[in-house]
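The residues making up each chain are set out below.
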Amino acid sequence: MFSAKKPDFITRVQMGIFSFSSSWRKTRLQQPRSRLLSDMLQTHTRLSGRQYSAGEIPAADLERIVTLCGTGNIEEIYDVTGMQEMMIRRMRNIKDSYMLQFMIRTKLKLNPIAFREQVDKVCVNLDNLRSVYIYRNMSRPYRVVMKNRSADVNFFDLTDQLRSAPPEAVSSKLEELMEADRRNGFDLERNSLLRILIFKLDEDDTYAFLFSQPHVNSDGISVSMLFRDIFIGYGLKQSTGVDLPIAQSTFREYAEYLKSVDKEKELAWWREYLSGYGGEICLPGYSPSNLDYELNLHFQPFGEETVTALKELQKSCKATFATIIQTVWAILLARLTGKADVVFGSVTAGRDSAVANSMQISGGFINTLLLRSVLKPETSFAEAVQALQKDFRSAMEFSHCSPEDIRGSLGRESALTNHILNFHNYRSNKAGASSAQSALPGLEILGMDVYDNLSYDLALYFRENDVGQYGCTFAYNARTYARESILLIGDYFRQYLALTAERGGVLAVGDYPAPDLMLFELAQQAVTMVRFKKAAFLKSIPVFRGVDDESLMRLTENAVIRSFMRHDLVFGTDDAKEGISLVMDGFIDLSLTDANGWNRKFSFEGRGHMLPLSGVSKGEARTVATVSSATATLMEIPLDNLKQLLTEYPEVAVRTIRILEKKWLNYGRLWANAE
């Protein structure tokens, strides 16, 4: 009897997960569109008097843009590039994904008002600093340049906190401040996309400047322009009274060029280039993360002699240093996976030489090229280098498609690669005052720390570290790789590079020693232990009473654990989730945001409690969850895993429905009060 009702239970639970609408709410009258908003839209369209670069914009899209940005404050509207659209989708799930931070320690005489004025002057001339990205409830995403938009600049005096603190304590404090700022992320539609926090560290005019920007709106070249215009402009003005001329930077010329690019022709090239490729290559120890991301770093130095010899190898191979490194990585990738045909991502500046001033335009231009290497045991290293360099040059001619564009064109469901290589021309420097540079008027640079998150499960950054060693920083998702696996990969990479440097281009692919995959299996056991801990937590919750251990292990296979600090936003009114969240530790406040924007607290959730999820119908009440304790930890279980469990254990569905029904009652009471 009970089994015949299983579909009913599952359906009711799914409805509760996706929406907390109840039948009485459906009778709510739909309000007509505001006449004032309609008039604003017509006025704006009439006053603009021209076609935006984005071309024809649907009326509903333009209405929302005008609502958010104002009728008289829109200078230009651009379509986003394929890579920008890919970043925006990723940022909706992970706040600090595709984020770029620079913490610069300096000595200078700081006049806060004059510094803010210099920043405002830069924002007037660089149109990306006056931009927002409108994408929610739109037919397609847009970049909107506003006529008036200021950076978010704030000053903090830490002299009392850091008085007599040793250098390592100061560095630790600055790292905490960087991390705290990253957790805030960026609301691309509403926030200023340049955030500057300035910390006074002592009475001797030592400051730390934290610049944070989303990658969708900035890149390394743009950061160089920004620092030049802000710091040199400020120093020159303060020391000589002369204003530094700031060249205007607008994306318009580049946008017009992009319209001339034949994307279908480019995608056809990529389809041919990747035809026959088997699919995503997973390194040993890889475990899917379900979009959860916890960045960890490991630096693997290569050794000075190895680097010198590899640079000498450029001459005989007639290739760039980057191509030499990429080829060694391709060989390691092939030996680790047992695949002769491998693909990896390579980050490019994304600035096309067809646009004369592309290197002087400020904005988010980076893209990722997919490079393929077909390696047979008898293939010589020199042959592999030449083939890869040839492919890179060809790929650059068809470099306006993002990896997501290419994946879609190939009809693939999974990504073509889950890792990328990136070559940096700057380095972190925490050496302290002894490394001070005085290249700028009235300014000494004491050190710099960089955070560059491109949000792939594995990103390899090649550059010098803070003590002058050249090597590779493995930026990896700790939800995907155990640290032990990354250490093994890094050490094998070092060995392969040293062997290449020693024997040069005479090596064949089959000459590289085969990695011991048993070591990776041992490292993977650390990941399995984490899953045991997740299952043990679920077993302690009454709703999962009676579920066997094996089923709980399957349920946690793609479950993710997220950590939050006090006042962090767990989810907001525009977030959409597909699963359930359980509180593992700490306390969460749940508030309801009514149609007028008022937040009303209605629940206080602790360990073992199930959270309702956002994403209800437009125009109805929505929930907001924030952390009320010092820290909190949540486990998020994806919908697909949950559905499988509910099929096997309908009694869990009954308990889940009862929990959700109580949430609905709270919603109903608050909504009635709001009316």
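Scope of this entry: the structure provided in the associated data block. Since the model is a prediction, treat every value here as computed from it, not as a measurement.

Moving on to the sheet that holds strand 4 (residues 142–146). Strand order across the open sheet formed by three strands is 1-4-3, with antiparallel pairing between neighbours. Because the sheet does not close on itself, it has two edges, and the strands there are strand 1 (74–79) and strand 3 (131–134). Pairwise comparison of adjacent strand axes, ignoring direction, gives a mean angle of 25° for this sheet. Pairing of strand 1 with strand 4 involves five bridges; the strand directions are antiparallel. Note that in strand 4 the partner of Tyr78 across the bridge is Arg143.

Taking strand neighbours across the sheet as the criterion, the six strands line up as 8-15-14-11-9-10 in an open arrangement whose pairing is mixed. Sheet topology places strand 8 (295–301) and strand 10 (367–374) at the edges, where each strand pairs with a single neighbour. Each strand of the sheet is rotated relative to its neighbour by a mean of 25°, with strand direction disregarded. When strand 11 (residues 419–423) meets strand 14 (residues 458–464), the two strands line up parallel, connected through five bridges. Looking across to strand 14, one finds that Leu421 is bridged to Leu460. Strand contacts of helix 13 (residues 321–337): strand 9 (341–348), strand 10, strand 11, strand 14 and strand 15 (470–477), with the helix running at about 145° to strand 9, the strand carrying the most contacts.

This part covers the nonpolar core. Grouped together as the largest cluster of nonpolar side chains are 62 residues, with contacts concentrated most on Trp270, Trp329, Phe381 and Phe493. In terms of residue count, the dominant contributor to this core is helix 13 (eleven residues). Core analysis: the next-biggest nonpolar cluster, separate from the first, contains 35 residues, Tyr135, Leu162, Leu174 and Leu454 among them.

Time to look at the packing of helix 11 (residues 263–273) against helix 15 (residues 403–410). Helix 15 packs onto helix 11 with a crossing angle of 70° between their chain directions and a minimal axis gap of 10 Å. Regarding the angle of helix 11 to helix 15, the classification is roughly perpendicular. Residue-level contacts link Lys263, Leu267, Trp270 and Arg271 of helix 11 to Asp405, Ile406, Ser409 and Leu410 of helix 15. For the contact of helix 11 with helix 15, the class distribution of residues is four nonpolar, one polar and three charged.

Per the counting criterion, the structure on display carries 28 salt bridges. The salt bridge partner of Glu256 is Lys259, with a shortest N-O separation of 3.5 Å. Here Glu256 pairs with Lys259, and both are found in helix 10 (residues 252–260), just three residues apart, close to one helical turn. A salt bridge links Lys539 to Asp549, with the shortest nitrogen-to-oxygen separation between them at 2.5 Å. Of the two residues, Lys539 is situated in helix 17 (residues 517–539) and Asp549 in helix 18 (residues 549–555); the sequence distance between them amounts to ten residues. The network of salt bridges with shared partners includes Arg64, Arg136, Asp187, Glu189 and Arg190.

Before going further, it helps to examine unusual backbone geometry. Although it is not a glycine, Asn137 adopts a positive phi angle of roughly 55°. Of note, Asn137 is situated in the loop between strand 3 and strand 4.

Bringing the packing of helix 12 (residues 304–317) against helix 13 into the picture now. For the pair helix 12 and helix 13, interaxial distance at closest approach is 9 Å and the crossing angle is 105°. Looking at the two axes, helix 12 sits roughly perpendicular to helix 13. Note on element contacts: helix 13 touches helix 12 through Phe321, Ile324 and Ile325, opposite Val307, Leu310, Lys311, Leu313, Gln314 and Cys317. For the contact of helix 12 with helix 13, the residue count by class is seven nonpolar, one polar and one charged.

The subject of this paragraph is the packing of aromatic side chains. What the rule picks out here adds up to 30 aromatic pairs. Taking the centre distance of 5.5 Å and the plane angle of 90° together, the rings of Phe102 and Phe227 count as edge-to-face. A residue pair is termed long-range when its members are at least 10 positions apart, and Phe102 in strand 2 (residues 99–108) and Phe227 in helix 9 (residues 220–240) qualify at 125 residues. Both residues of the pair, Phe102 and Phe227, belong to the buried class. Ring centres of Trp269 and Tyr273 lie 4.9 Å apart, and the angle between their planes is 20°; this geometry places the pair in the stacked category. Residue Trp269 and its partner Tyr273 are located together in helix 11, separated by four residues, close to a single helical turn. For the pair shown, Trp269 and Tyr273 are each scored as buried. Here a set of aromatic residues connected by ring pairs shows up, and it is made of Phe102, Phe115, Tyr207, Phe209, Phe211, Phe227, Phe231 and Tyr234.

Cut-offs used in this document
Throughout this description, residue numbers start from 1 for each chain and increase along the sequence as written. For this predicted model, a pLDDT threshold of at least 70 governs which residues receive local features, and a threshold of 80 or more governs which side-chain atom pairs are given and counted, while totals over whole chains, interfaces and linings are taken from all residues. Calculated side-chain values reflect all of the structure's heavy atoms, with hydrogen atoms and water omitted. Two strands are counted as paired when DSSP detects at least two bridges linking them. We count a stretch as a helix when DSSP gives it H or I for four or more residues in a row; a strand needs E for two or more, and each element gets its number in order from the N terminus. Geometry is summarised by axes, namely lines fitted to C-alpha atoms with helices restricted to the contacting stretch, and by angles between N-to-C directions that run from 0 to 180 degrees. Every residue pair with non-hydrogen atoms within 4.5 Å of one another is taken to be in contact. Put simply, buried Ala, Val, Leu, Ile, Met, Phe, Trp, Tyr and Cys residues joined by side-chain atoms within 4.5 Å make one nonpolar core. Throughout, exposure labels follow a simple rule: accessible area from a 1.4 Å probe, protein chains only, divided by the maximum for the residue type, with under 20% read as buried, over 50% as exposed, and the rest as partly exposed. Each angle receives one of four descriptions, namely roughly parallel if under 35 degrees, roughly antiparallel if over 145, roughly perpendicular if within 65 to 115, and oblique otherwise. Amino acids outside the nonpolar list (Ala, Val, Leu, Ile, Met, Phe, Trp, Tyr, Cys, Pro) and the charged list (Asp, Glu, Lys, Arg) are all regarded as polar, and Gly is one of them. Note on definitions: salt bridges are taken to be side-chain nitrogens of Lys or Arg within 4 Å of carboxyl oxygens of Asp or Glu. Side-chain rings of Phe, Tyr and Trp (the six-membered ring for Trp) are treated as a pair once their centres are within 6.5 Å; stacked means planes under 30 degrees apart, edge-to-face means over 60, and tilted covers the remaining angles.

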